[in-house]
Structures are given as C-alpha cells and as structure tokens.
Amino acid sequence: MVDQERCARCGFCLSVCPSYAATDLERHAPRGRLFLLREARAGRLASAQLAEPLDTCLRCGRCREVCPLDLAVDKAVLDRLERPADPLWRLLPGPGTRLPGGLVRGAARLTGAIPPGMPPGGARRLLEGVVRRPSGKARWRVGYFPGCVHEYLLPRAALATVRVLVAAGAAVEVLPWGCCGLPARSAGHREVARRLARANLASLPSGLDALITDCASCAAALLEYPELLPEERHSAGKMVALVRELSAFLTEAGALPPTRIGRKVTYHQPCHLEAAWRASPRQLLDAAALFREAPGAERCCGGAGTYFLRQPAISRRILEEKLGGLAAVGAEVVATNCPSCALQLARGVRRAGLPFAVTSVSEVLAEVYG
Amino acid sequence: MGRDGFRTALPDRLTYAYDATGPTSLPEAVALPRDADQVAQVLRVAHRCGVPVTPRGAGSNLSGGSITDGGLVLGLARLNRILKVDPGERRAVVQPGVANLDLQEAVRLHGLMFAPDPASHRVSTLGGNAAENAGGPHCLRYGVTAQHVLAAEVVLADGQALRLSRDDPCDLLGLCLGSEGTLAVFTELTVRLVPQPRHLATLLAAFAHLDDAATAVARTVAAGVLPEAMELMDGVAVGIVEEVMAAGFPATADAVLLIELGAADRRELPLEQVMAICREAGAAQVVAEEEAARREALWAGRRSAYACFGKASPAVVIQDVTVPRDRLPEMIQRVRRAGERHGITVPILAHAGDGNLHPNLLYDPTDTGGVQRMHAVEEEIVAACLALGGTITGEHGVGTHKREALRRQLAPAVLTAMGRLKQAFDPAGRLNPGKLLPDGEEQVTDASVQGPAGALARALARAAEGGEPVRVGILPELAALDAVREVSAGNLTAVVEAGVSLARLDRELDSLFFPFRGARESATVGELLARGESEPACYRYGAVADAVLGLEVATADGRVLRLGGAVMKDVAGYALSRAFLGSRGTLGVITAATLRLWPRAGAMRWMEILPADLAQAAELMEELRAGEDPDRLELTWDTAQVRLLLGFEGSAESVRRRGEEARGRLERRGMAVQPAGEEPQAWRRLVDALEQRWGGVCRRPLDLSLAELAVWGARAGSQVALLGHPGGFVGLYPPGERRNAPPPEPARRLKAAFDPRGILNPHLGVGRW
C-alpha cells in the first residue's frame, strides 16, 4: 500500500508520465492521481469520479523511477482498481490450454489490434513442447516463454527468438505455460492473475540454466510473482532468479552478434523493461546493424495492453509524439522487445504512412546469428 | 479552448488545489488555454466578472504561490512549445509552459545552456522560473533568472497584452520578474543562452570543521575564481545521505563542498589552484574528476539529498534564507544551535558562493509537540537571518508562506511602495490575490531620515508641495552624497552614495572591481544607475541594473526607501529597485546603492580594429565569438568610421593566450590589429562628438542580430550612429526623434503613484528617451 500522505507533490512524475504529456491535465498525472486517491479515501471524492483518472493511467511505471521518495504510484492505482473478476477473464489461457488461434487473430484484426500488413507469420504448433537443439554440444539449457501476444498475434518474432538462441548454442525448450497474468492484474483482477501464476510455477521444468522471455511486459509480470504469490515466495523467487530478457541473456553469455548487416535500425524501449536490461538490446543492435539512438527512445508508445482500445484519444496522442521522435532518426527499422509495443507502433506507422518497418529485436538478430 | 480547456468537475478542481507545499485550497474552476490569445481572453472575461485568477505553471513552487481560494486557476501548461532557438544570437523564444530541462536539452547540441537550473528543473516551467526569479547552483556564476530573460510578452489582469523588454525606458519586465504571478502573466519569453564550458571538473572536498569549508569558499572567491557551482552540505546532511544511500561521503565530515569548475580551455581550469585552497583550508580529503560519468557520481549524493531527507523523515519543511556570503558559517552555526535547542534535526544544504542556505527541518506532522518545536526552529532561523542582514527568501519566493514574515524584513514605507507597484499593474487586485504582500495597511511612521539622503528627500517633498519641477541630475543635495559608506571584501559588495564618481570608486576599490565606467569621465554612480545605459562592460557583466543588490531612493513624498540589501539573491517582495534603475530620475532619486563587486583581474589587454564597414564588422564579431568569447567586444559606427574594440581580462597567462588567439583569427582574415595600451574610449568619444554635432544625443536600444547589422546600416540614413555589442546594440539619434510609442498603462500609473505632482524630471516625461 503506497502511503499517499508521503507525496511531497514535487511534480517530478509529471515530467515522465505519458498521459500527462498527452493532455497536460493534472488529473492525468501521477501526482494528481495520488491526491485523488487520498481525497477518495477521506470521503471527499466519490469513487465514480475516481474511475476516469485511474483508468487513464497506463501503468507504465515511469513515475516510480523518478519519484525521489520511491512512491509506486502505478501500484497505488492498481491496488485501488482491484475488484472481483467477471467471468470473461477466466478465458485467459492457463498452462496446457489454448485459445483457438484463428479466432483470436480474427478478433484482433477486427479491433484493429493488428494492422493490415503485419502478418503474424507462422503457427505456434511449431514451437510447442519441442526442444530445439543446436548442432554440436549445447552450452546452456534454457526455457523460453514467448507470452500470449507473441504466441497468438506475432509468432514470427518468437520463431526468430528460438533461432537466435539455438544459433548462440542454447538448447531451447518452449515452456508449456499459459498467460503470465499481467492483463488480469492490470485490470484489477488479482485473483485471476494469482491463479495463472500458480499454474505456471507448477509447470516449470527443472534443470534450466535460464528462463528467457522477449516480451518486456511478461518479464515484468514474472518478476512480480513473489509479491503476487507470497505463500509461494520461495519457488517464485527461484524462478525469478532464472528470468532473463533475451538481449540481457545474450550479452551476459557473451554470445554477441557475429556479423553486422547494413540496415539502419533504431530501438524503442518498452516501459516495462527492467532498468538493468535496457542497455543490452542497444548493445546488440549496435553490433548487429547500423544503430542510432532515437530521441525519445524511452518514451511510452501509448499501447499499454488494451489501453489503446479503452482510451483511444490519449493513446493516439502519445503515439504521435513517439513516432515523431522515431521518424527523426532516419531509420529503416524500429526494433523493440515487447510485442504489444510493436503492434501499437505498427498501427501508428501505418496510419501515418511512415517509411519504416516495425519489428522485434529478435528478428533483427536472427538475420545475423542465423 | 475545447471541452477540456475549462474544467469545473471536482477531480480537476482538486488536482489544481495544491502545489509543492502542504496546504491545499480549492479553486472554483480551472482554465487551460492553448495560446496567448486565449490567455488574454480568459483574463478579460475573469476581470469583467470580478473573478480572481491564479496563474500556474507546473505547480512546483515552494511557497504556496500557485494555489487559490475559490478563484480561477489559469494553467499555462498547454503553452509548451519552444518557438525558436537562435544559437548565433544565443537566444531562445519559448512559451511559458516549457519545462526548464526541456529547454536545456533543446539547446545542448548547440553547445549552449540556459543558466538558471533550479532543483525542480525537470518539471518547473520557464514561466514559473520567471515569475519566481528562480535560482539554482549555476546562478553563482551566471546570475538568477531575471538576468536571463531579455524580453517577454505578458497579459495584465484586465486582459491587456504588452510586449516588454529589459531595455525599455521603464523596466516593467524587470518588475514582473519575480513578481510571483501578481503583476502579469507571461505568455512568451525571450531568454538568453550562455555557452557551455567545454571543459568541466568537479571537486569534492570533505572538511572536519564547517568553518574550514567556509574559509575555502571565501578564499576561492577572493582568488578570482568563480566556479560553475559551489554547493555545501553540512555534517548532518552528509550523515543522512550516507545512511540512506551510502553515497561515499566520509562519515566524519562536518561539511562537504562540491565545486564545479568550467573553462573553454583545459589549461584555464583552476583545478590545482582550488584543490590547494581546499587543502590549505584544512580539507581532510579532496577528490577531483573530469570525466562526465565520474563527475556525475560525485554529484549523486548532493542531488539525492532532498530525496534522502524525505525518506528519513515523514515530513520536511525547506527554508530558503540568504545571508551575505561572509556570514554564512555563522548562520549555519545558528541554525544548528536552534535545531539542538528544540530537538529538531536540521540538515543544511547551501549554495555556498551565494550565501543562500536551505535548512531542511525534519519532523513528524502527527506529533503536535514536534510540529510546535519545528515552528520554533523555523522562527529562530528567520530571526537569525534577519539579524545577520539577510533575506528570508533567496529563491523560493514569498507566496502565501512568508507574507507575514515579510513585515519583519521590509520597512512599512517599502511595503507601501510595493503596494503602489501592485496597484499600478492590477488596480482591481484580483491577479493572484493573497500572495507576496501581506494584507492590510502599513503603519508608516514619518520619522525623519538623518543625513544627506534625508535632506534630499525633504527637498523633494518641498518641491512637490510647491509644484516646482526638479532637474534631478543637478539637485544641489546630491553633492553631499559623496561617501563610499562601506566596502566588504568578504561579501564582494560596496555601499556607495550617488554622488561618488565611478573613477574615484575605482581608485578606492583597490583589489576589488566594479566594471562599469559610465558614459563620461566624470560619471557618478547615481548617473550610471539612473541612466541604465549599455556600455562595453555589459558584454561580460550583464546589465548595470543586475549589479545592483540594494538601492536607497528618495521619493517625492519625502521618504527614503531602502530596497534590497547586501545579498546576492533576494526574492523577498517585488524587485522594486528596477522601477528606479534606468528611469532617469522620473520616479525617484537614487541616493545610494549596494553594488556587486568582482575581484580585480590580474591583467587586461585591449585591441582595436578598423573594419571596412558594418558588414565586415559583423563578420569579425561572429568570428571572434566562434572561438573563446572576449570580455569586451564593442562596436562604434557613425557613417564615416567603424571601430571594433576587443578586451580580455583575467590572469596574465589567460589574457596573453586569448589575445594571441584572437589576433591570429583576425590576421587570417586580413585585419590589422592595433594593440591599445589603455582602455580605448572610442565609445565615449563617439557620444561626445555626436553631442557636439547635434546638440544632444538620443539613445535607443535596437534588437539587432549580427546578421541584420549591415542591412540596418544601409537603410539608416545619415543622421544616425551605432554603438554596442552583440545582444546590446544601441542606435544614436539627434534629439527630438520621436520613435517611442506612448508608455504602457502600468508605467503611467507608476509615475502617477510615485510622483503625483509630476515634479521629477518632467522634461523627460514617462517612458521617453
């Protein structure tokens, strides 16, 4: 529980909040949200009036990073949102359950989640359960968790990740896991998230050297399992110790790109990417291609899961600012390591007719590790 | 303004009810205009409806200035574009809602920076910085925000829009800077940018005794070194920072100094010199770094200090007292004793070079006893600061927080005069009411002031009664004001009466230096300040008005006002001095001033060049600025001749090197360079010659860039001349050239308020050159 009384109202959070940047309204800034939470708790503001300020929060966590008092405003918002889940949330797949891929993709196209011109490329069946081995002796044995968005909407990125890991010398087992639980958690359905997390933990294979994920949001969710499942803190902690974002793993392991392609690439940093893992994607891209850092590389894309459907106007404004910075650097390709961000960026690129492609970091790496 | 441009829903009213201080206050509504026109419309409508308006940037101010009780909050956050960056002229034009750090980042790639860098700079807006006259660590060397705002567009309480410049005959802009949103709302700012030093070094020195640190500070400044920043953390602050984040400070240090040095050339960095000063003063440990990441690491502990205090304590109250530089160690001791007496922990952070300290009072708001004790300490600190000749606020402003305390610092006559200023801008009194000035009438005792200043004031009162016009410059009583009252080497200030000639002052100052010379050989301090004219020294030292820390003025009602003081930074009340500086005696008669001084440079070197024409002169000036900036770069031009004066100040080595470099550049351009033994007086001679020729000279500041000079010259005709330096060119015309627009409302009202019978220099009128 974040102590709302501690907020000194210095306003530093305003300088990084994407929703505040989009509207310039204090109620869309962490400082404002924290104040409203306090007023609601004191009975001076009705819950109904709290809904919009809280719902416009992207839960990107940037505020937490700059707050001098380390106040986790995004968590405070989440805590407040908690409510019992309606039955629809039970549809989130657990381990061993699969949603009909075609149906999911169809729905995604209808809502505009996947823009035309961004084919998913490949089916999950190729990934499931199989352990891919390198030629020669495997240097590591890793589990790979692609996450739902990769699995259902952008499997080609996941395929690229597997290729890269194998080429680097790892034996890769695609984990039989279900949803990481983040969508439920973000919507305030903590119990649903706990159920999914527990099931995932129970089906974690043993003997892994690392647990690789290339979705920054899933990674962030996994790192929170100990807090989500305090009664299983021990096993959750053991899992967390294994988690690595793809680029971080490759740099740690010394498996650097063997060559460089002559493509101009820039990087979008997902909001949920752990601070410790922010340098590696850039390092690898710099070694693998002609890399330039874009102004605002760390700015939010405005996607935030289903945010782009719930708050389309704000999402769009955030995206416009973001694309402005990306376009300025003259890249051919924008690479990122969160498929939800990739889809948001791709939607914006298509709408604005911008001349670059959006892809995952692993797809760029796959061209050189190959 | 769009549906979300005017908000009355409760969540919006609530989220505009606070700033970065504790109290909250619910507005009726919030308006968020998108451009200057909308700002004016909002103010006009509010004025007609009798609704009070409180302007707001990011609401990060520390004095309660952004909150309003039942009025309309006018948020400027949507005017957030950087309109123009002109690296050649070293200026930027910005809207008030741009965050300070955003401007820094926009100009960084040009090798420039915006000098005022308050701790809040990532979120505080430039409009807010201007309204509060914000400070920051860099202000030691470069000055406070007011010195970096060159022009602005403002809207008054009734919706009237004005374009103001620091060069105006009545410095309304100077009055608005630091006025905390009570005189006008900024809708556009033209700001000065300064070159970023190419080489930086950061020193961290730890001392076992606070007094040793203070000695090091004093000796550094006395040695002529003006660091980019000089920050002090006392032992209590160091202890807390170490406990919370283990920044690597030595645990036994009673004081830690962080000194940042900058220079265009690596050889000029006085690194060894300052390290030696610290060691000789008794530093137990001195570490220096030059590489960027390592410098950042040294600063980390200081930068996170507030955060550490916030984590170590449920609540913190930050004070902002400023004392004359040489009283800083004593002030710190008094703060400590006050804290000890009442059992309150008070870590201290100080901008050591400015005498500005921030005692942070740590307390628990749920403990009534503790809260009372905290207030007792607060009170003692204010009393101590005033006793040492300081000001209750150097940076954070008065807001609501310090209104009552202002009465303890400013005399009733001064508060009354400030009230007149407020009325001149906002007669209805609805722009940010309840801020800055305390409510209620001041009890002004008409006690007679002794000495020549009092005699002069009484003479004015008699003249006013009889309605006799007064030619201020030749008032007989001025002759008696010929004393250099005080010179403080420790504080680098001098209190000088108006009748003292600048030449005589220079002789008396010895190893200290007041750079301005005045328009003629016989110029007095009073003339210099009353005219406020640009001269060669302004290129390096800024406007004359910015070197005046305190002013004593006799007004037509027979009173003597003592404005400002001997401190480097002071935002207690309005900068009322600026009404009298440069207004040529039309509002009051300057009788004495506290001037800011500098250590006299070891060497000076002068050169003169004769460019063929204005176009070549402009090229040469650009060329010279592309290298290391000279300290004087003065152009004189009348249709017959062009001259360029070049001057270098500093150590013998620096002056020699830079002079040679400049000579090399010029010679490569085929320009012959004449060394000059003494300071050339071409600029004074030009004015003299024109006065002979035309029977008088009318000066008019021109907003000309170097690129525009030649074209201006071609169009200017024959009855004109020019002098000045980049960013400060002045056109010279025969008298009687009507070129000025009628004075703005507030200027007219000021004249009516301070000189109701119109006796002071009536031949000059208001706002006419």
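Residues numbered from 1 in each chain as written. Chains lettered and ligands numbered in written order. Predicted model: local features only at pLDDT ≥ 70, side-chain atom pairs only at ≥ 80, totals over all residues. Heavy atoms only, no water.

1. Some points on the overall build of chain A
Part 1 of the reasoning: In terms of regular secondary structure, chain A is built from 19 helices and nine strands.
Part 2 of the reasoning: The C-alpha radius of gyration computed for chain A amounts to 20 Å, which stays within 12% of the reference 21 Å derived for 370 residues, consistent with globular compactness.
Part 3 of the reasoning: Based on the C-alpha atoms only, the size of chain A along its principal axes is roughly 65 × 50 × 40 Å.
Part 4 of the reasoning: In chain A, which comprises 370 residues, the share counted as buried stands at 58%.
Part 5 of the reasoning: Summed over all atoms, the accessible surface of chain A reaches about 14700 Å², with 56% contributed by carbon and sulfur.
Part 6 of the reasoning: Put simply, chain A has 49 plus and 34 minus side-chain charges, and the middle of one group is 4 Å from the middle of the other. (Helix = DSSP H or I, 4+ residues; strand = E, 2+ residues; numbered from the N terminus. Rg over C-alpha atoms; globule rule 2.2 N^0.38 Å. Buried < 20%, exposed > 50% of the residue type's maximum accessible area, 1.4 Å probe, protein only. Areas by Shrake-Rupley, 256 points an atom, 1.4 Å probe, with all protein chains shown as cover. Lys, Arg positive; Asp, Glu negative; His and termini not counted. Charge placed at Lys NZ, Arg CZ, Asp CG, Glu CD.)

2. Describing the overall build of chain B
Part 1 of the reasoning: Of the regular secondary structure elements, chain B holds 25 helices and 32 strands.
Part 2 of the reasoning: A compact globule built from 769 residues should have a C-alpha radius of gyration of about 27 Å, and chain B, at 26 Å, falls within 12% of that.
Part 3 of the reasoning: In terms of overall dimensions, chain B has a C-alpha envelope of 75 × 60 × 60 Å along the principal axes.
Part 4 of the reasoning: The buried share among the 769 residues of chain B stands at 61%.
Part 5 of the reasoning: Partitioning the contacts of chain B with sequence separation of at least 6, the portion at a separation of at least 24 is 73%. (Contact = heavy atoms within 4.5 Å.)

3. Quick look at the nonpolar core
One recurring pattern in soluble globular proteins is that nonpolar side chains are buried together.
Part 1 of the reasoning: Counting residues in each nonpolar core, the largest one holds 137 residues, and the members touching the most others are Phe-186, Leu-257, Met-331, Leu-505, Phe-514, Leu-529 and Phe-580 of chain B.
Part 2 of the reasoning: Here this core takes eight residues from helix α15 (residues 412-425) of chain B, the largest share from any one element.
Part 3 of the reasoning: Residues within four places of Leu-505 of chain B in sequence aside, it is in contact with Val-484, Val-496, Val-500, Phe-514, Val-525 and Leu-595 of chain B.
Part 4 of the reasoning: In this structure, Leu-196, Ala-219, Leu-246 and Leu-345 of chain A belong to the second largest nonpolar core, which totals 89 residues. (Core = buried A, V, L, I, M, F, W, Y, C linked by side-chain atoms within 4.5 Å.)

4. Re the packing of helix α7 (residues 210-222) of chain B against helix α9 (residues 271-280) of chain B
Residues and elements named next belong to chain B.
Part 1 of the reasoning: One way to put it is that α7 packs onto α9 with a least axis distance of 9 Å and a crossing angle of 145°. Once α7 is placed against α9, the crossing between them reads as right-handed. Residue-level contacts link Ala-216, Arg-219 and Thr-220 of α7 to Val-274, Ile-277, Cys-278 and Glu-280 of α9.
Part 2 of the reasoning: In terms of residue class, the contact of α7 with α9 is made up of four nonpolar, one polar and two charged. (Axes fitted to C-alpha atoms, helices over the stretch in contact; angles between N-to-C directions. Left-handed = near helix turned anticlockwise from the far one by under 90°. Nonpolar A, V, L, I, M, F, W, Y, C, P; charged D, E, K, R; others polar.)

5. Regarding the domain arrangement of chain A
Residues and elements named next belong to chain A.
Part 1 of the reasoning: Partitioning chain A into domains gives domain 1 (4-81), domain 2 (100-250) and domain 3 (257-369).
Part 2 of the reasoning: On a C-alpha basis, the centroid separation for the pair domain 1 and domain 2 is 30 Å.
Part 3 of the reasoning: Contact with domain 1, which involves five residues of that partner, is made by six residues of domain 2.
Part 4 of the reasoning: When the two sides are added together, the surface that domain 1 and domain 2 hide from each other amounts to roughly 430 Å², 43% of it contributed by carbon and sulfur.
Part 5 of the reasoning: At the surface where domain 1 touches domain 2, the tally comes to one salt bridge.
Part 6 of the reasoning: Two residues, Glu-224 and Lys-75, come together in a salt bridge whose shortest N-O distance is 3.4 Å.
Part 7 of the reasoning: The interface formed by domain 1 and domain 2 holds two residue pairs in polar contact (both at pLDDT 80 or more) in total.
Part 8 of the reasoning: Along the lines of polarity and charge, the residues of the side of domain 1 that touches domain 2 split into two nonpolar, no polar and three charged. (Domains from an automatic or database assignment. Buried area = accessible area lost by both parts, 1.4 Å probe. Salt bridge = Lys/Arg side-chain N within 4 Å of Asp/Glu carboxyl O. Polar contact = N/O pair within 3.5 Å; in protein donor to acceptor, adjacent residues only side chain to side chain.)

6. As for the domain arrangement of chain B
Residues and elements named next belong to chain B.
Part 1 of the reasoning: When the domains of chain B are assigned, the result is domain 1 (1-192), domain 2 (196-312), domain 3 (316-409), domain 4 (451-600 + 760-764) and domain 5 (603-733).
Part 2 of the reasoning: Taken over C-alpha atoms, the centre of domain 1 sits 36 Å from the centre of domain 5.
Part 3 of the reasoning: Across the domain 1/domain 5 interface, buried area totals approximately 580 Å², and carbon plus sulfur atoms make up 28% of it.
Part 4 of the reasoning: By the criterion of area lost to domain 5, the three top residues of domain 1 are Glu-89, Arg-90 and Arg-91, representing 77% of everything that side buries.
Part 5 of the reasoning: At the junction of domain 1 and domain 5, the tally comes to two salt bridges.
Part 6 of the reasoning: Along the contact surface separating domain 1 from domain 5 lie four residue pairs in polar contact (both at pLDDT 80 or more).
Part 7 of the reasoning: When grouped by side-chain class, the residues that make up the side of domain 1 that touches domain 5 number no nonpolar, one polar and four charged.

7. What about the interface of chain B and chain A?
Size of an interface, as often reported, equals the accessible area lost when the parts are brought together.
Part 1 of the reasoning: Taken together, the 32 residues of chain B in the interface contact 28 residues of chain A.
Part 2 of the reasoning: Interface area, chain B with chain A, both sides summed: about 2300 Å², of which 56% is carbon and sulfur.
Part 3 of the reasoning: Between the two partners, chain B and chain A, sit three salt bridges.
Part 4 of the reasoning: A salt bridge links Arg-56 of chain B to Glu-26 of chain A; its shortest N-O distance comes to 3.8 Å.
Part 5 of the reasoning: Scanning the region where chain B abuts chain A turns up 15 residue pairs in polar contact (both at pLDDT 80 or more).
Part 6 of the reasoning: Taken together, the elements giving at least two residues each to the side of chain B that touches chain A come down to α1 (10-15) and α11 (305-312) of chain B.

8. Here we look at the side chain of Lys-422 of chain B
All names here are of chain B.
Part 1 of the reasoning: Along the polypeptide, Lys-422 turns up in helix α15.
Part 2 of the reasoning: In terms of polar contacts, Lys-422 uses its side chain to reach the backbone carbonyl oxygen of Leu-431, at 2.9 Å.
Part 3 of the reasoning: Every residue in contact with Lys-422, bar those within four places of it in the chain, is listed here: Thr-182, Leu-183, Gly-429, Leu-431, Leu-437 and Tyr-574.

9. Notes on the packing of aromatic side chains
All names here are of chain B.
Part 1 of the reasoning: For the coordinates displayed, the defined rule picks out nine aromatic pairs over all chains.
Part 2 of the reasoning: The interplanar angle of 65° and the centroid separation of 5.4 Å between the aromatic rings of Phe-514 and Phe-516 together place this pair among those described as edge-to-face. Here the two residues Phe-514 and Phe-516 agree in accessibility, since each one is buried.
Part 3 of the reasoning: The interplanar angle of 65° and the centroid separation of 5.8 Å between the aromatic rings of Trp-637 and Trp-712 together place this pair among those described as edge-to-face. (Phe/Tyr/Trp six-rings, centres within 6.5 Å; stacked < 30°, edge-to-face > 60°.)

10. Focus on the sheet that holds strand β9 (residues 161-165) of chain B
All names here are of chain B.
Part 1 of the reasoning: The antiparallel open sheet is built from five strands, whose spatial order is β5-β6-β10-β8-β9. Of all strands in the sheet, those bounded by a partner on one side alone are β5 (82-86) and β9. This sheet shows a mean twist of 10° between the axes of neighbouring strands, independent of strand direction.
Part 2 of the reasoning: Pairing between β5 and strand β6 (residues 91-94): four bridges, direction antiparallel. Among the inter-strand pairings, Ile-82 is bridged to a residue of β6, identified as Val-94.
Part 3 of the reasoning: Strands in contact with helix α2 (residues 36-49) are β8 (149-155) and β10 (185-192); relative to β10, the strand with the most contacts, it is inclined by about 145°.
Part 4 of the reasoning: Of the strands in this sheet, β5, β6 and β10 touch helix α3 (residues 100-108), which is tilted by about 40° from β5. (Pairing = 2+ DSSP bridges.)

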